[in-house]
Amino acid sequence: MAEKNIRLEVMQALEPKVAGFMDSFLIPVEKIWQPSDFLPDSEQDDFLEKVKEIREESKDLGYDFWVTMVADTITEEALPTYESWLMDVVGIDQHGDYKTNGWAKWVRAWTGEENRHGDVLNKYLYLSGRVNMREIEITTQHLISDGFDIGTDRDPYKNFVYTSFQELATNISHKRVGQMAKKKGNALLGKMCTIIAGDEMRHHLAYREFVKTIFGEDPSGMMLAFADMMKKKIVMPAHFLRESGGTIGTAFENFSNCAQRLGVYTAQDYVDILRKLNAYWELETIRSLNEEAEKARDYLLKLPARLERIAERMKFPEDQYHFKWVEPNGAL
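So, how was this worked out
Residues numbered from 1 in each chain as written. Predicted model: local features only at pLDDT ≥ 70, side-chain atom pairs only at ≥ 80, totals over all residues. Heavy atoms only, no water. Patch = residues over 30% accessible without salt bridge, like charges linked within 9 Å, V, L, I, M, F, W, Y side chains within 5 Å. Areas by Shrake-Rupley, 256 points an atom, 1.4 Å probe, with all protein chains shown as cover. Salt bridge = Lys/Arg side-chain N within 4 Å of Asp/Glu carboxyl O. Lys, Arg positive; Asp, Glu negative; His and termini not counted. Charge placed at Lys NZ, Arg CZ, Asp CG, Glu CD. Helix = DSSP H or I, 4+ residues; strand = E, 2+ residues; numbered from the N terminus. Buried < 20%, exposed > 50% of the residue type's maximum accessible area, 1.4 Å probe, protein only. 1 Å grid on protein atoms, 1.4 Å probe; cavity = no way out; pocket = protein on both sides within 12 Å on 5 of 7 lines; lining within 4 Å. Points joined across faces, edges and corners; volume = space filled by probe spheres on them. Nonpolar A, V, L, I, M, F, W, Y, C, P; charged D, E, K, R; others polar. Arc of directions from axis to C-beta. Axes fitted to C-alpha atoms, helices over the stretch in contact; angles between N-to-C directions. Parallel < 35°, antiparallel > 145°, perpendicular 65-115°, else oblique. Left-handed = near helix turned anticlockwise from the far one by under 90°. Phe/Tyr/Trp six-rings, centres within 6.5 Å; stacked < 30°, edge-to-face > 60°. Core = buried A, V, L, I, M, F, W, Y, C linked by side-chain atoms within 4.5 Å. Contact = heavy atoms within 4.5 Å. Disulfide = S-S within 2.5 Å.

How should a negative patch on the surface be read in this particular structure?
Residues D41, E43, D45, D46, E49 and E53 make up a contiguous surface patch of negative charge. Residue position: D41 is located in the loop between α2 (18-25) and α3 (47-57). Taking relative accessible area as the criterion, D41 reaches 36% and is therefore assigned partly exposed.

This is how it looks when you write it as structure tokens:
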């Protein structure tokens, strides 16, 4: 049977379980937090006073911090791209009956939760007075217009490996940004980033459960997909990032250097995530693998140690690249 057909059969077999996944890992709209829960209320008389507090609290956060905040925000705001990509994955039928198509319902509900992250961060950046919003908006439009290619094609197995990995990466990034903000006395921003990190963790737990379930249905296919994704390397969703006048991807490397320098997301974090996924999916105990999948398992089990040796040798430029998003004199 063709590989694509096996994947379709597995996705269709698991589809009835998606409602349970949604109950376990997503929060109903009426119960989950909204951006307005954290931001000044423009209907209230103390709105301008609250905005002034945000501007004052934002003055002690450095240049690299704001660059990281901006890139995190832009990444979150590119959600239309991610939804349209996932809706095209094998087994996710957005043209079916919405009420009974579990996978399409999951993608829409997941996107709805994620959308709040970009909303609250964008509004905070605007109110902080520390960034060039027009340049940020240009970069966001470019990122959505340019689309992305994360190496998964329409393969659900590879897409779920990617989201399992990436959701934990964003959890780490938002959590550390929140910790840094709190240390600088910015309790509001610290709380916002921490609760966003909590959302990302729930989503990570969901996607890693999808993969674990697929391992039970098609162990060899899932193992090969996992190995293929790690051979290509897990790229960030914003790896096509560019500024106004720039070409695709030119801003991403400089942002990555900022994140590494600040300790927000590092090469060691990448290794740690892989180790955690290997352990949770219990690669060593999976049975009924074909010969090719056995080789893929060996590769995956040895990969963390290999990547750690590479990470130890990696060096990043110490000089700050001056992004158009943040004025150099904004670093205090």
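Would you take a moment to explain empty space enclosed by the protein for this structure?
One way to see where empty space is left: roll a probe the size of a water molecule over the atoms. Scanning the entire structure with this criterion turns up one cavity of 30 Å³ or more. Computed from the structure, the largest cavity encloses a volume of approximately 230 Å³. As for the largest cavity, its lining consists of 18 residues, of which Y82, W110, Y162, Q166 and P237 are closest to the centre. Every element with two or more residues in the lining of the largest cavity is listed here: α4 (63-77), α5 (79-86), α6 (102-128) and α8 (156-183). It is α8 that contributes the most residues to the lining of the largest cavity, six residues altogether. Within the lining of the largest cavity, the residues separate by chemical class into nine nonpolar, five polar and four charged.

Just checking my understanding: could you explain a positive patch on the surface for this structure?
A cluster of basic residues, K233, R306, R309 and R313, forms a positive patch at the surface. The topology assignment puts R313 in helix α13 (residues 291-313). Overall, the relative accessible area of 60% leaves R313 in the exposed class.

Please explain α2 as it appears in this structure.
Note: α-helices contain 3.6 residues per turn, so residues at a spacing of three or four share the same orientation. Within α2, burial applies to V18, F21, M22 and F25. Considered in projection along α2, the buried side chains sweep an arc of 100° and stay on one side of the axis. Exposed side chains of α2 directed beyond 90 degrees from the buried face belong to D23 and S24.

Can you help me understand unusual backbone geometry in this one?
Glycine aside, the phi torsion of most residues is negative, and most peptide linkages are trans. Within the chain, D153 stands out as a residue other than glycine whose phi angle is a positive 55°. By relative accessible area, D153 is classed as exposed at 59%.

Help me understand the packing of α8 against helix α9 (residues 187-217) in this model?
Think of two packed helices as two axes; the pair is described by the angle between the axes and how far apart they sit. At a minimum axis distance of 7 Å, the contact between α8 and α9 shows a crossing angle of 160°. The angle between α8 and α9 places the two elements in the roughly antiparallel class. Considering how the two elements wind past one another, α8 and α9 form a crossing that is left-handed. Counted by class, the contact of α8 with α9 contains 15 nonpolar, 10 polar and five charged residues.

How do you make sense of the packing of aromatic side chains when you look at a structure like this?
What describes a pair of aromatic rings is the distance from one ring centre to the other and the angle between the planes of the rings. Counting across every chain of the model gives 18 aromatic pairs. Pairing F21 with F210 gives two aromatic rings, centres 4.9 Å apart and planes at 55°, and the pair type is tilted. Separated by 189 residues along the polypeptide, F21 in helix α2 and F210 in helix α9 bring together distant segments of the chain. Neither F21 nor F210 differs from the other in exposure class; each is buried.

I tried to follow the nonpolar core on my own but got confused; where do I start?
If you look at soluble globular proteins, the nonpolar side chains tend to sit buried side by side. M69, W106, L241 and W325 are the most contacted members of the largest nonpolar core, which totals 101 residues. When near neighbours in sequence (up to four residues on either side) are disregarded, W325 contacts V67, V70, A71, I74, V131, N132, E135, I136, T139, L241, E243 and A251.

Can you help me understand the side chain of H203 in this one?
Residue placement: H203 occurs in helix α9. Discounting residues that sit within four places of it in the chain, H203 has contacts with F25, L26, W110, E113, E114 and E167.

I'm lost on the environment of G198 in this one. Help?
Structurally, the position occupied by G198 is in helix α9. Here G198 falls in the partly exposed class, since its relative accessible area comes to 34%.

Just checking my understanding: could you explain the state of the cysteines for this structure?
Going through the model one piece at a time under the given rule, you end up with zero disulfides. Free cysteine: C193, not disulfide-bonded; nearest cysteine sulfur from C258 at 16 Å. For C193, a relative accessible area of 1% corresponds to the buried category. Residue C258 is classed as buried on the basis of its relative accessible area, which comes to 1%.

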